[in-house]
Amino acid sequence: MGSKYVLPELPYEYNALEPYLSEEILKLHHDRHHSAYVKGANSALEDLEKARKGKIEVDIKAVLKELSFHIGGHILHTLFWKCMTPEKSEPSGALAEKIKEEFGSIEAFRNEFSKAANSVEGSGWAALMYCPLTERLIIQQIEKHNVNLAPELRMLVCLDVWEHAYYLQYKNDRALFVKNWWNVVNWDFIEERFKEVTRK
Ligand code: MN
């Protein structure tokens, strides 16, 4: 038998990303929202286990939907925290080259990614993916935590644009949050992930 999902600690202090992301937001986002996805995923798994033992009856379709939503939320948030840092960093090396090849320039990539993030309908994410079949970079616009994701693509970086990610500080100005987010992107970490997924 495997283990349960566990809420990871933030790789920095709650106030480390100020002024771009307030301590209050980061604390609520991590301790309440992310934590709820971890609990939700574990509780869906527990319900399935109980059902297999005949202890309860479950609506399998509903539980699997819950499970997908919460696992998605947990995994995306876990990556999201690591994609940010208080240290200033810039795109470099093979990843920077790949971005220029695919999007024309780093600036053009930022613009396209920002547009994707700003226009997610309702709650969701923007993510930069690497497709091993074509060896190309692809931007995905994820709805909720789990909708519109193509299987087998490898995620390099993700940006949470649920209202809970910015509302306390930015009100309804998602575009300003997205613009400021670029100041805390951890390019060194993303570069490491890129090396990992392209290693032959
Ligand atoms: Mn979130």
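Residues numbered from 1 in each chain as written. Predicted model: local features only at pLDDT ≥ 70, side-chain atom pairs only at ≥ 80, totals over all residues. Heavy atoms only, no water.

**Some thoughts on the packing of aromatic side chains**
Enumeration over the complete set of coordinates arrives at 16 aromatic pairs. Residues Tyr170 and Phe177 carry aromatic rings whose centres are separated by 5.7 Å and whose planes lie at 55° to one another, so their mutual orientation is tilted. Three or more aromatic residues joined by ring pairs form one cluster here, namely Phe103, Phe109, Phe113, Trp181, Trp182 and Trp187. Of note, Lys27 hangs over the ring of Tyr14, and the distance from its end group to the ring centre comes to 4.6 Å. (Phe/Tyr/Trp six-rings, centres within 6.5 Å; stacked < 30°, edge-to-face > 60°. Lys NZ or Arg CZ within 6 Å of the ring centre and 35° of its normal.)

**Here's the deal with unusual backbone geometry**
A cis amide bond links Glu18 with the next residue in sequence, Pro19, at an omega value of 5°. With respect to the element layout, Pro19 can be found in the segment before α1 (23–52). The backbone of Lys171 shows a phi angle near 50°, a positive value even though the residue is not glycine. With respect to the element layout, Lys171 can be found in the loop between α5 (167–170) and α6 (174–181). According to the relative accessible area criterion, Lys171 is partly exposed, its value standing at 48%. (Helix = DSSP H or I, 4+ residues; strand = E, 2+ residues; numbered from the N terminus. Buried < 20%, exposed > 50% of the residue type's maximum accessible area, 1.4 Å probe, protein only.)

**Digging into the coordination of the manganese ion**
Six octahedral donors around a metal ideally sit at 90 or 180 degrees from one another, while four tetrahedral donors ideally sit at 109.5 degrees. At the metal site, the manganese ion is ligated by His29 (NE2), His77 (NE2), Asp160 (OD) and His164 (NE2), and these contacts range over 1.9 to 2.1 Å. When the donor residues of the manganese ion are listed from N- to C-terminus, their spacing reads H-x47-H-x82-D-x3-H. With His29 in helix α1 and Asp160 in strand β3 (residues 154–160), this residue pair connects regions lying 131 residues apart in the sequence. There is no split in this pair, since His29 and Asp160 are both buried. (Donors = N, O, S within 2.8 Å, 3.2 Å for Na, K, Ca; no water.)

**Regarding the domain arrangement of the chain**
As assigned here, the chain comprises domain 1 (23–82) and domain 2 (93–198). Its C-alpha centre places domain 1 at a distance of 23 Å from the equivalent point of domain 2. Between domain 1 and domain 2, the contact holds 16 residues from the first and 20 residues from the second. Buried surface at the junction of domain 1 and domain 2, both sides included, amounts to about 1600 Å², of which 74% is carbon and sulfur. At the boundary of domain 1 with domain 2, the tally comes to six residue pairs in polar contact (both at pLDDT 80 or more). For the side of domain 1 that touches domain 2, the elements supplying multiple residues, two or more each, are α1 and α2 (60–82). Ranked by the residues each element gives to the side of domain 1 that touches domain 2, the list is headed by α2, at ten residues. Tallied by class, residues from the side of domain 1 that touches domain 2 come to seven nonpolar, six polar and three charged. (Domains from an automatic or database assignment. Contact = heavy atoms within 4.5 Å. Buried area = accessible area lost by both parts, 1.4 Å probe. Polar contact = N/O pair within 3.5 Å; in protein donor to acceptor, adjacent residues only side chain to side chain. Nonpolar A, V, L, I, M, F, W, Y, C, P; charged D, E, K, R; others polar.)

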